[in-house]
Amino acid sequence: MMTLPEQFIRHTRSIMGEERFSRFLAAMDEEPPVSIRLNPQKCHATERPSDRTATQVPWCPLGYYLAQRPNFTFDPLMHAGCYYVQEAASMFVHHVVQQTVSPNPLTVLDLCAAPGGKSTALRSVLPADCLLVSNEPVRQRAQVLSENIQKWGYVGCLVTNNYARDFRRAGFVFDFILADVPCSGEGMFRKDPASIGEWSQQNVERCQRLQREILEDIWPCLRPDGILIYSTCTYNTREDEENVQWMEQTFGAEVLPVPTEPGWGITGSLLQGYDAPVCRFIPGLTRSEGLFVAVIRKPGSDTIRPLAGKALASKLKGLNVLFASTPQPPCPTAELPYPTAIAYLRREAIVLPPDTPRGLVEVCFQGHPLGLVKNIGTRANNLYPREWAIKSTHVPTTYDGSKVLWREAKS
């Protein structure tokens, strides 16, 4: 049985009430659900999870719950960006964008984006001609974010490594900002039990102060009438409802309702006397980990238009840009069988069929590009980024055991 901090238990029971809290406690001793989200740009219409008992995540048509956890590391299609392994509640951003964003070109900032789950979800549902800036202030985490954005494979994406104050100092303005802020991580207790030992009431207070500092820095970067999604993976009201209430009082922010279905099990505000239309995901009530989401509109008329696309990208010289997506020129392709695909992803030298052209070649698995090699005939020099390579020494013998997606045969 999971042992939770006594202070956490007292506060969480007091805000949830006994019935919700009992269901939450019972869920804490259950296995976390496993879910993936498909990449609509890469998955064929006939591709779906190979687990025929998989069920759709109700708030995200691209998301699926799997009955068990496959060995994702050894699935080349994951490395190809055909799908993203993501906790189901975090896919709610897909639904929020569908409900709040117009089909016009937008400049979008995902402020604390690593490892990239919400950014890839955003990019999949935003209009095609939007610009998405995915930012992460921690350098090592920003490198992981860059890898996942590159694998997702959309144009109109930038990855930056900056703090919120850097965007404010540079004077950038965005139509839409996602602020999934650093928090005390209570919603990760089941998924990452080590996070329990890091929890304290002092850390909750410290996180609330940091969250407000971040919001003060980034609020000027949201255009009047723009939308900000505020989210945390925690349960306490200090970091959730009280921060939203603070934004209303400090900035004149308006909390917007998001239509949901009763069957989704999403809970509203848990702060006594505060009935703003926020959304809470609580294990035992929703099939997910913990998440808090509030959709906030900045007051004022739309008099400031953010720079779009190339215009904004050309003015990012004051920021630390790690990656900027651009269309790549076509090159010859070579299909790899499963063992060779794994060897490529380990960054080993591989041999291509003898009729493969010399020079740069894009290697693929089941038609999905994995990356580049330089074919010199007797072997192909592996150009897969070293930091992305599979590190495990395990050698799988068959693809069937780890396959996540299946493709229906053409009629």
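The preceding data block contains the structure.
Reading guide: rules and limits
Residues numbered from 1 in each chain as written. Predicted model: local features only at pLDDT ≥ 70, side-chain atom pairs only at ≥ 80, totals over all residues. Heavy atoms only, no water. Helix = DSSP H or I, 4+ residues; strand = E, 2+ residues; numbered from the N terminus. Buried < 20%, exposed > 50% of the residue type's maximum accessible area, 1.4 Å probe, protein only. Contact = heavy atoms within 4.5 Å. Areas by Shrake-Rupley, 256 points an atom, 1.4 Å probe, with all protein chains shown as cover. Lys, Arg positive; Asp, Glu negative; His and termini not counted. Charge placed at Lys NZ, Arg CZ, Asp CG, Glu CD. Axes fitted to C-alpha atoms, helices over the stretch in contact; angles between N-to-C directions. Parallel < 35°, antiparallel > 145°, perpendicular 65-115°, else oblique. Left-handed = near helix turned anticlockwise from the far one by under 90°. Nonpolar A, V, L, I, M, F, W, Y, C, P; charged D, E, K, R; others polar. Core = buried A, V, L, I, M, F, W, Y, C linked by side-chain atoms within 4.5 Å. Phe/Tyr/Trp six-rings, centres within 6.5 Å; stacked < 30°, edge-to-face > 60°. Lys NZ or Arg CZ within 6 Å of the ring centre and 35° of its normal. Pairing = 2+ DSSP bridges. Disulfide = S-S within 2.5 Å.

Asker: Just checking my understanding: could you explain the overall build of the protein for this structure?
Answerer: In terms of helices and strands, the protein carries 12 helices and 19 strands. Taking the principal axes of the C-alpha coordinates as reference, the protein spans close to 70 × 50 × 45 Å. In the protein, which comprises 411 residues, the proportion classed as buried is 55%. Looking at the protein alone, contacts between residues at least 24 apart form 76% of all its contacts between residues at least 6 apart. Summed over its atoms, the accessible surface of the protein is roughly 18,400 Å², and 51% of this surface lies on carbon and sulfur atoms. Separation between the mean location of the 42 positive side-chain charges and that of the 42 negative ones in the protein comes to 7 Å.

Asker: Would you explain the packing of helix α1 (residues 6-16) against helix α2 (residues 18-28) in this entry?
Answerer: Think of two packed helices as two axes; the pair is described by the angle between the axes and how far apart they sit. Axis separation between α1 and α2 bottoms out at 7 Å; the angle between their running directions is 130°. Between α1 and α2, the crossing angle belongs to the class labelled oblique. Where α1 crosses over α2, the handedness of that crossing is right-handed. Facing F8, I9, T12, R13 and M16 of α1, the residues of α2 in contact are E18, R20, F21 and F24. Of the residues in the contact of α1 with α2, the class split is 5 nonpolar, 1 polar and 3 charged.

Asker: Please clarify how the nonpolar core should be interpreted in this entry.
Answerer: By size, the foremost hydrophobic cluster in this structure holds 36 residues, and its most contacted members are F167, I218, L228, Y230, V244, M247 and I296. Within the residue set of this core, elements represented by two or more residues are β7 (131-135), α7 (164-170), β9 (174-180), α9 (201-218), β10 (222-232), α10 (241-251) and β13 (291-297). Element by element, the count of residues in this core is highest for α10, at 4 residues. Ignoring anything within four residues of it in the chain, the contact list for M247 reads L215, Y230, G252, A253 and I296. Of all hydrophobic cores here, the second largest spans 35 residues; its members include I36, L66, I342 and V363.

Asker: Would you take a moment to explain the packing of aromatic side chains for this structure?
Answerer: What describes a pair of aromatic rings is the distance from one ring centre to the other and the angle between the planes of the rings. This model, assessed by the stated rule, comprises 19 aromatic pairs. Measuring from centroid to centroid gives 5.0 Å for F92 and F281, while their planes differ by 65°, and the two rings are edge-to-face. Of this pair, F92 sits in helix α4 (residues 92-100) while F281 sits in strand β12 (residues 279-281), placing them 189 residues apart in sequence. Residue classification places F92 among the buried residues on the basis of a relative accessible area of 1%. Taken together, F8, F21, F24, F189, W199 and Y235 form an aromatic cluster joined through their ring pairs. Over the face of the ring belonging to Y163 we find R165, whose NZ or CZ atom lies 4.6 Å from the ring centre. Just above the ring of Y65 sits the side chain of R287; from NZ or CZ to the centre is 4.0 Å.

Asker: Would you mind showing me how to read α10 here?
Answerer: Spacing of three or four residues puts side chains on the same side of an α-helix, whose turn is 3.6 residues. Within α10, burial applies to E241, E242, N243, V244, W246, M247 and F251. Buried residues along α10 sit in contact with α9, β10, β11 (254-256), β12 and β13. Once α10 finishes, G252 follows within two positions and takes phi at roughly 70°, a positive value.

Asker: Looking at this structure, I do not really get the sheet that holds strand β15 (residues 333-335). What am I missing?
Answerer: Paired through backbone hydrogen bonds, the strands of a sheet run either parallel or antiparallel to each other. Judged by pairing direction, the sheet is mixed, and its 4 strands sit side by side in the order β15-β16-β17-β18 without closing on themselves. Each end of this open sheet is capped by a strand with a single partner; those strands are β15 and β18 (380-382). Adjacent strand axes in the sheet meet at a mean angle of 45°, parallel and antiparallel pairs treated alike. Pairing geometry for strand β16 (residues 359-365) and strand β17 (residues 368-375), over 7 bridges, is antiparallel. Looking at the pairing, C364 lines up with P369 of β17. Here helix α12 (residues 338-345) sits on the sheet and contacts β16, β17 and β18; the angle it forms with β17, its principal contact strand, is near 70°.

Asker: Quick question: what am I supposed to make of the state of the cysteines here?
Answerer: Here a disulfide denotes a covalent bond joining the sulfur atom of one cysteine to the sulfur atom of another. Applying the stated criterion across every chain yields a total of 0 disulfides. Cysteine C157 is unpaired, with the sulfur of C130 as its nearest cysteine sulfur at 10 Å. Here C364 stays unpaired: no disulfide links it, and the sulfur of C331, its closest cysteine neighbor, is 8.6 Å away. You can call C364 buried: its relative accessible area is 7%.

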